[in-house]
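# Structural characterization, general
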Amino acid sequence: MFTETAHVQNYAKYRMRYGESVFKYIVDYCKEARPGLDLCVDVGCGSGQSTTGFAGYFKKVVGVDISEHQISQAPKDLPNVEFKVASAEELTFLEAESVDLWASGQSFSYMAEKETFAEADRVLKPGGTLAIFGYLTLKGKEQPINEVLYKIISKVLPYWPQESKAIFNKFKHVNLPYPGWIRKNDIVSPHHVTLEELTGVFASFYSVVAYMKAHPEEDFLKDIETR
């Protein structure tokens, strides 16, 4: 999916970051049982959008992604962070019961649940935390902006991978094999973006890349700016 240089560069530069409130909520929960916060593994990390967020809390964070192209765009200047190319089902570089927090964002929907949970169980310490999180689609402060965003997203929706659409229903399809797990849907993470940044966010979407390939006669990103 992430094989083109321009695509992964746009993803690394413009993809929306999670707000601090997301990381704080997850870390506070993790600290209840594992207050040491020694090791976090961020699975399906892309180019490190959430990995860097966890870096401010843990002694060490490992970002993992199956895409070598994505990992090539990850930051290289964080002393307590490293990135590895690997799949969620085979975290062979991690010892058993070594991880305080196993975390995964939007990309979780692409993982094989049974095998992924089995590997998470292997690497998590007793009392460790497994957290799956994501954000919904773009939304503006004013209705005219939302109408434009809706038209743009509706246009590329047929090109949206089915796995990525799972975030629209807040991962309700996921069957967590852990009794007593909790869901938190009301965390607000506002972002203020310029028009250039908004265009860049759309350029980071696989659905937009696929749409532009299917419709080379359209200047899709320029159309966003003129709307």
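This text goes with the structure placed above it.
Attention here is on the structure that accompanies the text. (Residues numbered from 1 in each chain as written. Predicted model: local features only at pLDDT ≥ 70, side-chain atom pairs only at ≥ 80, totals over all residues. Heavy atoms only, no water.)

At a closest axis distance of 8 Å, the pairing of helix H1 (residues 5-14) and helix H8 (residues 195-203) adopts a crossing angle of 130°. Between H1 and H8, the angle is such that the two are oblique. Viewed along their axes, H1 and H8 form a crossing whose handedness is left-handed. Across the interface between the two elements, His7, Asn10 and Tyr14 from H1 touch Glu196, Glu197, Gly200, Val201 and Ala203 from H8. Of the residues in the contact of H1 with H8, the class split is three nonpolar, three polar and two charged. (Axes fitted to C-alpha atoms, helices over the stretch in contact; angles between N-to-C directions. Helix = DSSP H or I, 4+ residues; strand = E, 2+ residues; numbered from the N terminus. Parallel < 35°, antiparallel > 145°, perpendicular 65-115°, else oblique. Left-handed = near helix turned anticlockwise from the far one by under 90°. Contact = heavy atoms within 4.5 Å. Nonpolar A, V, L, I, M, F, W, Y, C, P; charged D, E, K, R; others polar.)

A separate point is unusual backbone geometry. Backbone geometry places Leu37, a non-glycine residue, at a positive phi of 50°. Tracing the backbone through its elements, the reader meets Leu37 in the loop between helix H2 (20-31) and strand S1 (39-43). With a phi angle near 55°, Glu97 is a residue other than glycine that sits in the positive phi range. Mapped onto the fold, Glu97 is located in the loop between strand S3 (81-85) and strand S4 (99-104). On the accessibility criterion, Glu97 (51% relative accessible area) is exposed. (Buried < 20%, exposed > 50% of the residue type's maximum accessible area, 1.4 Å probe, protein only.)

Our next topic: the environment of Lys125. Its location among the elements puts Lys125 in strand S5 (residues 124-132). A C-alpha to C-alpha distance of 34 Å links Lys125 and Pro161, two positions 36 residues apart in sequence. Those residues within four positions of Lys125 in sequence are excluded, and the remaining contacts are Arg34, Asp38, Glu97, Ser98, Val99 and Asp100. Of the polar contacts made by the side chain of Lys125, one reaches the side chain of Asp100; its length is 3.3 Å. (Polar contact = N/O pair within 3.5 Å; in protein donor to acceptor, adjacent residues only side chain to side chain.)

All right, on to the side chain of Asp65 then. Looking at the element boundaries, Asp65 is found in strand S2 (residues 60-65). Although Asp65 is buried, it makes no salt bridge; Arg15 carries the closest opposite charge, 11 Å away. A distance of 2.8 Å separates a polar atom in the side chain of Asp65 from the backbone nitrogen of Ser67. Apart from the residues within four sequence positions on either side, Asp65 is in contact with Gly44, Cys45, Gly46, Gln70, Ile71, Lys84, Val85 and Ala86. (Lys, Arg positive; Asp, Glu negative; His and termini not counted. Salt bridge = Lys/Arg side-chain N within 4 Å of Asp/Glu carboxyl O.)

Residues Ile26, Phe54, Phe58, Val61, Leu101, Phe133 and Phe202 are the most contacted members of the largest nonpolar core, which totals 35 residues. For this core, the elements supplying multiple residues, two or more each, are H2, helix H3 (51-55), S3, S4, helix H6 (143-156), H8 and helix H9 (206-214). Element by element, the count of residues in this core is highest for H2, at five residues. If sequence neighbours within four positions are ignored, Phe58 has contacts with Val27, Cys30, Leu37, Asp38, Leu39, Cys40, Asn80, Asp100 and Leu101. Within the second largest apolar cluster, 20 residues are counted, among which are Val99, Phe108, Met111 and Phe171. (Core = buried A, V, L, I, M, F, W, Y, C linked by side-chain atoms within 4.5 Å.)

On to the pattern of salt bridges. The tally for this structure, following the rule as stated, stands at ten salt bridges. Two residues, Lys24 and Asp28, come together in a salt bridge whose shortest N-O distance is 2.8 Å. Of the two residues, Lys24 and Asp28 both sit in helix H2, four residues apart, roughly one turn of that helix. Where Asp100 meets Lys125, a salt bridge forms, and the shortest distance between an N and an O atom there is 3.3 Å. Note that Asp100 is positioned in strand S4 and Lys125 in strand S5, a separation of 25 residues in sequence. Of the residues examined, Asp100 reaches a relative accessible area of 1% and is grouped as buried.

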